[in-house]
Amino acid sequence: MDYFIDTKTQIAPCIASKARFALGITHKEPSNNKTCSYNYWSKVIASLASEKSISSEMAEEAKKKFSHIMMKK
């Protein structure tokens, strides 16, 4: 389970799997159709990047993949 930075709020698992893919943590693209707002996506990316010690440059690149990943059906 993944949680937002400094909270006990769980990140939606479907969104977390897409974020892990965008960050390059996993290489298998998720097939779920769950979507979220860009604000939520940014918070998820920031939380996972912090937890996994991923550079801020890679996190910014992952944020830019929002439209491509969320609009896939």
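Residues numbered from 1 in each chain as written. Predicted model: local features only at pLDDT ≥ 70, side-chain atom pairs only at ≥ 80, totals over all residues. Heavy atoms only, no water.

K.L.:
Hey, could you run me through the overall build of the protein in this one?
P.N.:
The helix and strand tally for the protein stands at four helices and zero strands. Relative to a compact globule of 73 residues, whose C-alpha radius of gyration would be 11 Å, the protein shows 11 Å and is just as compact. Overall, the protein is about 30 × 25 × 20 Å in size when its C-alpha atoms are taken along their principal axes. Taken across its 73 residues, the protein has 36% of its residues classed as buried. Within the protein, residue pairs in contact and separated by at least 24 positions form 56% of the contacts whose partners lie at least 6 positions apart. A total accessible area of about 4,800 Å² is found for the protein, and carbon and sulfur atoms account for 54% of it. Considering the protein, the positive charge centre built from 12 side chains and the negative charge centre built from 7 side chains are found 8 Å apart. (Helix = DSSP H or I, 4+ residues; strand = E, 2+ residues; numbered from the N terminus. Rg over C-alpha atoms; globule rule 2.2 N^0.38 Å. Buried < 20%, exposed > 50% of the residue type's maximum accessible area, 1.4 Å probe, protein only. Contact = heavy atoms within 4.5 Å. Areas by Shrake-Rupley, 256 points an atom, 1.4 Å probe, with all protein chains shown as cover. Lys, Arg positive; Asp, Glu negative; His and termini not counted. Charge placed at Lys NZ, Arg CZ, Asp CG, Glu CD.)

K.L.:
Would you take a moment to explain the packing of helix α2 (residues 38-51) against helix α3 (residues 56-64) for this structure?
P.N.:
Geometry of a packed helix pair, given as the angle between the helix axes and the separation of the axes. Orientation of α2 relative to α3, taken along the N-to-C sense of each, is 150 degrees, at an axis distance of 10 Å. What the angle tells us is that α2 and α3 run roughly antiparallel. Where α2 crosses over α3, the handedness of that crossing is right-handed. Contacts from Y38, W41, S42, I45 and A49 of α2 reach α3 at A59, A62 and K63. Among the residues forming the contact of α2 with α3, the class breakdown is six nonpolar, one polar and one charged. (Axes fitted to C-alpha atoms, helices over the stretch in contact; angles between N-to-C directions. Parallel < 35°, antiparallel > 145°, perpendicular 65-115°, else oblique. Left-handed = near helix turned anticlockwise from the far one by under 90°. Nonpolar A, V, L, I, M, F, W, Y, C, P; charged D, E, K, R; others polar.)

K.L.:
Help me out: how do you make sense of the nonpolar core in this one?
P.N.:
A general tendency of soluble globular proteins is for nonpolar side chains to be buried together. Within the largest apolar cluster, 20 residues are counted, with the highest numbers of intra-cluster contacts made by I15, W41, V44 and I45. Going through the elements one at a time, α1 (13-23), α2, α3 and α4 (66-70) are the ones with two or more residues in this core. When near neighbours in sequence (up to four residues on either side) are disregarded, I45 contacts A19, L23, A59, A62 and K63. (Core = buried A, V, L, I, M, F, W, Y, C linked by side-chain atoms within 4.5 Å.)

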